[in-house]
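Residue-level structure breakdown
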Amino acid sequence: MIIEKALKILKQPVCDNCLGRQFSQLLSGFTNAERGRAIRMVVAMAADAGDASIDASSVPGFKLRNKPSVSECPECSVCFGIFNELGKYAKKAAAQAKKTEFSTFLVGTRPSSELAAAEDALWERVGIDHCEPLKAEINREVGKLIEKQIGKKFSAKQPDVVFLIDLTAKAVGMEINPFFIYGEYQKLKRGIPQTRWPSGKYKTSVEQITAKPFMRATGGSGHKFHGAGREDIDARCLAWRPFVLEILDPKKRDIDAAALAKKVGAGVKIRNARLSDIAEVRKLKEARLDKTYRALVKCSAPVSRKDLAKLSALKQIGQQTPRRVLHRRSDLMRRRSVKGIKAKYINAKSFELTVKGESGLYIKELISGDEGRTTPSVSAILGVQCVCKELDVIEVHVK
Ligand SMILES: [Zn+2]
């Protein structure tokens with residue numbers, strides 16, 4: 001079977017790599033060039049033994065004893081000799097590598113349409129059992145050469161950079177993968193949004209304040225901030241909220257995250273800073289974390305300590321999307337639970353409320369009732385209009 005397939009392939013001139021690659025999924029521990037060489041040797045022996053179905057031109061370069069040999073090797077009709085040029089691509093990659101600091105890399109190849117068509121034509125003729133695509137072999141073989149040249153590690157999993165070989169342009173590009181830093185933040189000042197505000201309405205954000213020392217250390221071109229939820233702009237976050245900071249295009253990766261976290265200033269504090277990855281971003285985004293809030297509540301009419309005791313009745317809350325976020329969220333009805341509530345009397349018209357709420361519960365509306373869109377509410381139970389004057393997140397319940 002193998003020999004039959006080999007003979008079929010050898011009807012057109014192919015190099016050892018392209019021959020061996022059609023049997024790539026058989027045996028491990030060999031390069032495709034080695035596989036191709038071994039198969040061709042067997043075919044050459046069969047030709048020498050007098051197998052009339054094999055033309056000597058199928059096995060050029062072998063010295064046959066019983067037949068005239070063909071010494072001239074024609075150009076491979078599948079790869080057009082690309083495997084003789086891989087060293088040039090590795091050199092170009094090494095030159096790109098000087099621009100940035102990294103330790104792992106991956107190689108990607110974009111074949112020319114000519115190469116893609118030649119491979120398709122071969123597969124159509126001989127089938128695809130046991131084969132490997134041309135670009136996969138190029139990626140691996142160039143990867144080996146780059147490893148040797150620059151002493152960095154080839155890694156399919158989360159590489160720092162990706163070298164892109166464009167076989168049409170005969171060029172090598174480099175993409176720098178983002179760099180991720182995990183941390184937990186406190187926002188100690190009101191009036192700062194969590195992420196950069198596109199309109200420039202707010203001069204700064206937790207994102208910008210946090211990113212500053214990390215941008216300087218890594219030479220990144222930009223950043224993204226992935227928080228485990230977010231607090232309102234006018235709310236403080238006294239709890240430690242998990243986040244991942246993503247640095248785009250970092251030129252340096254060897255940083256001391258904990259030391260840089262100490263340089264984050266002006267209203268934001270960071271702890272537990274360390275290196276992270278994209279998987280942790282996904283995890284953070286999916287996490288539905290309960291939060292505990294402390295609110296200063298003002299009432300339109302006097303309430304008594306006894307009235308405040310009634311608030312323990314707040315358990316299952318129906319919340320229609322608050323009016324203040326309707327411009328960016330769809331108008332939906334949600335059910336959210338209050339997992340704990342405590343009120344501390346300050347005076348007849350104000351009290352402090354501590355609420356543990358399920359992820360997604362809007363606290364300001366839980367207090368005001370949002371004109372009947374949140375029900376039941378603190379206002380409805382007390383029978384007076386209440387508003388949240390100050391809000392702090394005091395605990396993020398990380399499961
Ligand atoms: Zn070839």
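Keep in mind it's a predicted model, so treat the numbers as computed, not measured.

1. Digging into the overall build of the protein chain
- Looking only at helices and strands, the protein chain features 12 helices and 14 strands.
- Relative to a compact globule of 399 residues, whose C-alpha radius of gyration would be 21 Å, the protein chain shows 33 Å and is clearly more extended.
- In terms of overall dimensions, the protein chain has C-alpha extents of about 115 × 40 × 35 Å along its principal axes.
- Counting only contacts in the protein chain whose residues sit at least 6 apart along the sequence, the fraction spanning at least 24 positions is 71%.

2. Brief notes about unusual backbone geometry
- In this structure, proline 376 follows threonine 375 across a cis peptide bond, with omega equal to -5°.
- Mapping proline 376 onto the fold places it in the loop between strand E13 (374-375) and helix H12 (378-382).
- Even without being a glycine, glutamate 371 presents a positive backbone phi close to 55°.
- Among the structural elements, glutamate 371 can be located in the loop between helix H11 (363-368) and E13.

3. A closer look at the sheet that holds strand E3 (residues 161-166)
- Taken in spatial order, the 4 strands of this open sheet run E2-E1-E3-E4, and their pairing is mixed. The sheet is open, and its two edges are formed by strand E2 (153-154) and strand E4 (171-176), each paired on a single side.
- Contacts between helix H4 (residues 86-97) and the sheet are confined to E3 and E4, with E4 contributing the most and set at about 40° to the helix.
- Contacts from helix H6 (residues 134-150) reach strand E1 (104-110), E2 and E3, with the element oriented near 140° to E1.

4. A closer look at the environment of histidine 397
- Tracing the chain through its elements places histidine 397 in strand E14 (residues 386-397).
- Along the chain, histidine 397 and glycine 229 lie 168 residues apart, while their C-alpha atoms are 12 Å from each other.

5. Brief notes about the coordination of the zinc ion
- Bound to the zinc ion are the protein donor atoms Cys15 (SG), Cys18 (SG), Cys76 (SG) and Cys79 (SG), situated 2.2 to 2.3 Å from the metal.
- Its 4 donor atoms give the zinc ion angles of 107 to 114° at the centre, a pattern that matches the tetrahedral case.
- The sequence pattern formed by the donor residues of the zinc ion is C-x2-C-x57-C-x2-C.
- Under the relative-accessibility criterion, cysteine 18 is labelled buried at 0%.

6. A short note on the domain arrangement of the protein chain
- As assigned here, the protein chain comprises domain 1 (2-58), domain 2 (85-176), domain 3 (179-286) and domain 4 (290-393).
- Placing the centre of domain 1 and that of domain 4 at their C-alpha centroids yields a distance of 77 Å.

7. Considerations on the packing of aromatic side chains
- Going through the model one piece at a time under the given rule, you end up with 7 aromatic pairs.
- Residues phenylalanine 225 and phenylalanine 243 carry aromatic rings whose centres are separated by 4.9 Å and whose planes lie at 10° to one another, so their mutual orientation is stacked. Taken together, the residues span a long stretch of sequence, with phenylalanine 225 in strand E6 (residues 222-227) and phenylalanine 243 in strand E7 (residues 236-248) at a distance of 18 residues. Phenylalanine 243 matches phenylalanine 225 in its accessibility class, with the two residues each being buried.
- Three or more aromatic residues joined by ring pairs form one cluster here, namely Phe102, Phe105, Phe154 and Phe163.
- The ring of phenylalanine 102 has lysine 152 sitting right over it, with the charged end atom 5.4 Å from the ring centre.

8. Re the environment of glutamate 246
- Looking at the element boundaries, glutamate 246 is found in strand E7.
- On a C-alpha basis, the gap between glutamate 246 and leucine 188 in space is 22 Å, while along the polypeptide they are 58 residues apart.
- Beyond its immediate chain neighbours, meaning those up to four positions away, glutamate 246 contacts Pro178, Phe179, Phe180, Gly222, His223, Lys224 and His226.
- Engagement of the side chain of glutamate 246 in a polar contact is seen with the side chain of histidine 226, the distance being 2.7 Å.

9. Comments concerning the nonpolar core
- The biggest cluster of nonpolar side chains holds 57 residues, and the ones touching the most others in it are Phe214, Leu311, Phe351, Leu353, Ile367, Val378 and Leu382.
- Here the element with the most residues in this core is E7; it accounts for 6 residues.
- Residues from two domains meet in this core; each of domain 3 (179-286) and domain 4 (290-393) gives at least three.
- With residues near it in sequence (within four places) discarded, leucine 382 still touches Val303, Asp307, Leu308, Leu311 and Phe351.
- Core analysis: the second largest hydrophobic core is formed by 43 residues, Phe23, Val59, Phe62 and Val107 among them.

What counts, and where the lines are drawn
- Residues numbered from 1 in each chain as written.
- Predicted model: local features only at pLDDT ≥ 70, side-chain atom pairs only at ≥ 80, totals over all residues.
- Heavy atoms only, no water.
- Helix = DSSP H or I, 4+ residues; strand = E, 2+ residues; numbered from the N terminus.
- Rg over C-alpha atoms; globule rule 2.2 N^0.38 Å.
- Contact = heavy atoms within 4.5 Å.
- Pairing = 2+ DSSP bridges.
- Axes fitted to C-alpha atoms, helices over the stretch in contact; angles between N-to-C directions.
- Donors = N, O, S within 2.8 Å, 3.2 Å for Na, K, Ca; no water.
- Tetrahedral: all angles 85-135°; square planar, octahedral: opposite > 155°, others 65-115°.
- Buried < 20%, exposed > 50% of the residue type's maximum accessible area, 1.4 Å probe, protein only.
- Domains from an automatic or database assignment.
- Phe/Tyr/Trp six-rings, centres within 6.5 Å; stacked < 30°, edge-to-face > 60°.
- Lys NZ or Arg CZ within 6 Å of the ring centre and 35° of its normal.
- Polar contact = N/O pair within 3.5 Å; in protein donor to acceptor, adjacent residues only side chain to side chain.
- Core = buried A, V, L, I, M, F, W, Y, C linked by side-chain atoms within 4.5 Å.

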